[in-house]
Amino acid sequence: MTAVLLALVAAVGYGISDFLGGVASRRATALAFVVASYPLSLVMALAIAPFAGGDVTAKSLVWGAASGLFGGFAVWWFYRALASGPMSVVSPVTALLVAGIPALAGLAAGERPGPLAVVGIVVALVAVVFVSRESQETVGGDDHPIFTLRVAGLTVAGGVAFALTFISLDQVPDGTGLWPLVIQRLAASAVVWGAAVAMRQFSGPPRMLYPHVVAVALLDVVANAAMLFAFQGGMLSLVSVVGALYPAATVLLALVVLGERLGRGQYAGMALALTAVVMITLAT
């Protein structure tokens, strides 16, 4: 149960981070925002890692770095897909890949959750698709972006990379503390800085967004640390789908804080997400 609760903490952290990043991206590009937030998250992780204890091992650093590299590319490709394609398609497809691929990897590796947990996984997969979809009230119009082959490629690449981020974290051995998180943030920062230089968008966000940068960096550290420890204490197939429910937190904040109207599918998705968490928790 502890692993599921940690994954839920991570999902809330990811969701709030995405919400704050989404609000900030209305005043600055997403890439410009993560160029600032990722290195700050590295500093935060480096500051707390010595107090968390743990041994530094080659295996933990390799898998931590792999997680960061996959995560950095995932963010880059995902935001490029959102910038040129329909969010109503890009977001749910990405969410399904993030939840589904690690779950299948866990099952393929020999994990055998109980019947209730398996049903919870299926419900969670449906939930992330529903809750990630935009309401038709916000996606209509003649100028609505088209889901082209290029956008599809970026979407799939981003979703697979996000999934590999989870799978890599799951490979980090126990007893290594937060040092894998330090190398993860270092690798992710290197990727987004490289992407920013390659795209000639290496500029930080406006000063007014600095509080958002600090908050997102802190949430990234908390969420990734929670997922790291959740994977060490639970099955990949279960922890990953709970962590992938982060869009529910983002949508809920958009509803409460911004007063956005949700579609019936999103409400259904949030109800399914809650149901899935309860089922998986009871099964562990």
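Residues numbered from 1 in each chain as written. Predicted model: local features only at pLDDT ≥ 70, side-chain atom pairs only at ≥ 80, totals over all residues. Heavy atoms only, no water.

## Re the overall build of the protein
This is how the line gets drawn: For the purposes of this entry, the term helix denotes a DSSP run of H or I that reaches at least four residues, the term strand denotes a run of E that reaches at least two, and both are numbered from the N terminus. The reference for a compact globule is 2.2 Å times residues^0.38; the radius of gyration itself is calculated from the C-alpha atoms. Using a 1.4 Å probe on the protein chains alone, a residue whose accessible area is under 20% of its type maximum counts as buried, one over 50% counts as exposed, and one in between counts as partly exposed. For this analysis, residues touch if any pair of their heavy atoms sits within 4.5 Å. Accessible surface is estimated by sampling points in the Shrake-Rupley manner with a 1.4 Å probe; for residues, cover comes only from the protein chains shown. Here the positive residues are Lys and Arg and the negative ones are Asp and Glu; neither His nor the chain ends is included. Charge coordinates come from a single atom per side chain, which is NZ of Lys, CZ of Arg, CG of Asp or CD of Glu.
For the protein, the count of helices and strands is twelve helices and zero strands. Overall, the protein shows an N-to-C arrangement of helices and strands of α-α-α-α-α-α-α-α-α-α-α-α. On C-alpha atoms alone, the protein measures out to a radius of gyration of 18 Å, which is about the 19 Å that the 2.2 N^0.38 rule sets for 284 residues. Over its C-alpha atoms, taken along the principal directions, the protein stretches across nearly 55 × 45 × 35 Å. In the protein, which comprises 284 residues, the share counted as buried stands at 51%. Intrachain contacts of the protein at a sequence separation of at least 6 include 92% that bridge at least 24 residues. As displayed, the protein has an accessible area near 12600 Å², and 71% of this comes from carbon and sulfur atoms. For the protein, the centre of its 12 positive side-chain charges and the centre of its 11 negative side-chain charges are spaced 7 Å apart.

## Remarks on the pattern of salt bridges
Heads up, the rule is: For this analysis, a salt bridge means a side-chain nitrogen from Lys or Arg found within 4 Å of a carboxyl oxygen belonging to Asp or Glu.
Taken as a whole and judged by the stated rule, the model has one salt bridge. When the shortest N-O distance is used, the salt bridge between Asp220 and Arg185 registers 3.9 Å. With Asp220 in helix 9 (residues 210–233) and Arg185 in helix 8 (residues 179–198), the pair connects residues that are 35 residues apart, well separated along the chain. By relative accessible area, which is 8% here, Asp220 ends up buried.

## Remarks on the nonpolar core
Note the cut-off: What is meant by a nonpolar core is a set of buried Ala, Val, Leu, Ile, Met, Phe, Trp, Tyr and Cys residues, joined one to another through side-chain atoms within 4.5 Å.
Tyr14, Met227, Phe231, Val239, Val241 and Leu245 are the most contacted members of the largest nonpolar core, which has 67 residues in total. It is helix 9 that contributes the most residues to this core, nine residues altogether. Excluding anything up to four places from it in sequence, Tyr14 contacts Phe166, Ala223, Asn224, Met227, Gly243 and Tyr246. Of all hydrophobic cores here, the second largest spans ten residues; its members include Leu20, Val216, Leu219 and Ala254.

## Re the packing of helix 8 against helix 9
How we decide: The axes used here are C-alpha line fits, helices contributing only the stretch in contact, and every angle between their N-to-C directions lies in the interval 0 to 180 degrees. Here the angle decides the label: under 35 degrees means roughly parallel, over 145 means roughly antiparallel, 65 to 115 means roughly perpendicular, and every other value means oblique. Handedness of a crossing is defined here by the sense of rotation of the near helix relative to the far one, left-handed for an anticlockwise turn of less than a right angle and right-handed for a clockwise turn. The nonpolar class holds Ala, Val, Leu, Ile, Met, Phe, Trp, Tyr, Cys and Pro. Asp, Glu, Lys and Arg form the charged class, and all remaining residues, Gly among them, are polar.
Remark: helix 8 packs on helix 9, axes separated minimally by 10 Å, with the N-to-C direction vectors making an angle of 130°. As far as their axial angle goes, helix 9 and helix 8 are oblique. Read as a crossing pair, helix 8 and helix 9 show a hand that is right-handed. Taking contact as the criterion, the partners of Leu181, Gln184 and Arg185 in helix 8 are, on helix 9, Asp220, Val221, Asn224 and Ala225. Grouping the constituent residues of the contact of helix 8 with helix 9 by class yields three nonpolar, two polar and two charged.

## What to know about the packing of aromatic side chains
For the record, the criterion: Between 30 and 60 degrees the pair is tilted, below 30 it is stacked and above 60 it is edge-to-face, where a pair is any two Phe, Tyr or Trp rings, Trp via its six-membered ring, whose centres lie within 6.5 Å. A positively charged side chain is recorded as over a ring if its NZ (Lys) or CZ (Arg) lies within 6 Å of the ring centre. The angle to the ring normal must also be within 35 degrees.
Under the defined criterion, the tally for this structure stands at six aromatic pairs. Among the aromatic side chains, those forming a connected cluster through ring pairs are Tyr14, Phe166, Phe231 and Tyr246. Sitting over the ring of Tyr38, Arg185 keeps its end group 4.8 Å from the ring centre.

## Details of the side chain of Ser168
With respect to the secondary-structure elements, Ser168 resides in helix 7 (residues 149–170). Dropping the residues within four chain positions of it, Ser168 is found in contact with Trp63, Ala66, Ser67 and Phe70.

## Considerations on the environment of Ile280
Here Ile280 shows up in helix 12 (residues 264–283). For Ile280, a relative accessible area of 1% gives the class buried. With 89 residues separating them along the chain, Ile280 and Val191 place their C-alpha atoms 34 Å apart. Among residues more than four places away in sequence, those in contact with Ile280 are Val4, Ala117, Gly120, Ile121, Leu238, Val241 and Val242.

## Focus: helix 5 (residues 115–132)
Quick note on the threshold: Working rule for helices: expected span equals 1.5 Å times residues minus one.
Compared with the 26 Å implied by 1.5 Å per residue over 18 residues, the 26 Å span of helix 5 between its first and last C-alpha is a close match. Buried within helix 5 we find Ala117, Gly120, Ile121, Val123, Ala124, Ala127, Val128, Val131 and Ser132.

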